[in-house]
Amino acid sequence: MRVPMIAGNWKMNTTVSEALELVNEMLLGLDKIDNIDKVICPPFISLATVRELIKGSSIKLGAQNIYFEEKGAYTGEISSLMLADLCEFVIIGHSERRQYFNETGEITNKKVRAALKVKLKPILCIGESLEENEAGRTEEIVTGQLRASLAGLDYPNGLIIAYEPIWAIGTGKAATGEQANETIGLIRHNIAKLCDKEIAQDVRILYGGSVTAANATEFINQPEIDGALVGGASLKANQFLGIVKQAAEIRHRLSG
Ligand code: PEP
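Novice: Could you give an account of the pattern of salt bridges, with specific residues and numbers?
Specialist: Two side chains of opposite charge can pair, provided their charged atoms sit close to one another. For the coordinates displayed, the defined rule picks out 13 salt bridges. Note that Lys121 and Glu88 form a salt bridge whose closest N and O atoms lie 2.7 Å from each other. With Lys121 in strand β5 (residues 121–126) and Glu88 in the loop between α3 (80–83) and β4 (89–92), the pair connects residues that are 33 residues apart, well separated along the chain. Taking the relative accessible area as the measure of exposure, Lys121 reaches 28% and is therefore partly exposed. Judged by relative accessible area, Glu88 falls into the partly exposed class, the value being 25%. One salt bridge connects Glu140 with Arg137, and the closest N-O pair in it is separated by 2.8 Å.

Novice: Can you explain the site of the ligand? Please cite residues and give values.
Specialist: Taken together, 14 residues lie around the ligand, and Lys11, Glu164, Gly170, Ser210 and Gly231 are the ones closest in. Glu164 places a side-chain nitrogen or oxygen 2.7 Å from an oxygen atom of the ligand. Taken by itself the ligand offers 290 Å² of open surface, and the protein chains cover 95% of this. Partitioning the shell around the ligand into residue classes produces four nonpolar, eight polar and two charged.

Novice: Can you lay out the sheet that holds strand β8 (residues 227–230) for me, pointing to particular residues and giving the numbers?
Specialist: If you trace the eight strands once around the closed barrel, you get β1-β2-β3-β4-β5-β6-β7-β8, paired in parallel fashion. The mean angle between the axes of side-by-side strands here comes to 25°, regardless of whether they run parallel or antiparallel. In the sheet, strand β2 (residues 37–41) pairs with strand β3 (residues 59–63) via three bridges, with the strands oriented parallel. Following the sheet pairing, Val39 is matched in β3 by Lys60. Packing of helix α7 (residues 138–149) onto the sheet brings it into contact with β5 and β6 (160–163), and relative to β5 it is tilted by some 150°.

Novice: I'd like a rundown of unusual backbone geometry, residues and numbers included.
Specialist: Unlike most non-glycine residues, Thr14 shows phi in positive territory, near 85°. For Thr14, the location among the structural elements is in the loop between β1 (5–9) and α1 (16–32). Its identity is not glycine, yet Ser210 carries a phi of approximately 60°, on the positive side. Relative to the elements of secondary structure, Ser210 occurs in the loop between β7 (204–208) and α10 (216–220). Among the residues examined, Ser210 registers a relative accessible area of 16% and is labelled buried.

Procedures and definitions
- Residues numbered from 1 in each chain as written.
- Predicted model: local features only at pLDDT ≥ 70, side-chain atom pairs only at ≥ 80, totals over all residues.
- Heavy atoms only, no water.
- Salt bridge = Lys/Arg side-chain N within 4 Å of Asp/Glu carboxyl O.
- Helix = DSSP H or I, 4+ residues; strand = E, 2+ residues; numbered from the N terminus.
- Buried < 20%, exposed > 50% of the residue type's maximum accessible area, 1.4 Å probe, protein only.
- Near = heavy atom within 4 Å.
- Polar contact = N/O pair within 3.5 Å; in protein donor to acceptor, adjacent residues only side chain to side chain.
- Areas by Shrake-Rupley, 256 points an atom, 1.4 Å probe, with all protein chains shown as cover.
- Nonpolar A, V, L, I, M, F, W, Y, C, P; charged D, E, K, R; others polar.
- Pairing = 2+ DSSP bridges.
- Axes fitted to C-alpha atoms, helices over the stretch in contact; angles between N-to-C directions.
- Contact = heavy atoms within 4.5 Å.

Following this line, the structure appears as structure tokens:
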């Protein structure tokens, strides 16, 4: 059985002291829940301090991006090597990076490779735009992104995929549970074709896009969906905790 995961992407929000305050608000509640993976991804500058705060708890830490080179003259960049000791996960290929920073499939592929090299687990984001969705191109787009990002890699151990339709991110217009389940089923089917069936059954695929404590169950209850990548709602302790609790209850019910 795939272990569900709820990951919070804080994006470019919170100063170091705000990050500490937010973690302090969630810490006890999150730590009590131990049957699912709970990951928080604060900005780079807060990773080291947050890491100290959550030490000994069951909360896991992720970064939001990396550069694909290990070190060198790349002013302002952060490498996988620098993060390897700090966190366990790294978000790669988020649509905001594809859109605002021109990240191509080739670049996400290099980043996935760089992460895996130092045993950071990539949370690889894929998803279609509204236009592509309306043109019926969802499967073609997500499969293309998947193939480009994983080109030349055997199924990478530890890889997590987040299906995030761009039209649902930060808009308050989430997909329906059925829509997300169907596309995630297609992604799994394509992984089976790219690698093999067993691998496809093992890989965790999250849904992301306007998930809140009010709609989380609709997604997590779906058979193909293994949790959520949460943006806006991960910045509110009660919302994030509410989502995590729903995932934990569903997992408890299914495994009991
Ligand atoms: C995200 O940024 O990955 C995301 C899913 O954002 P939101 O939950 O705010 O739509």
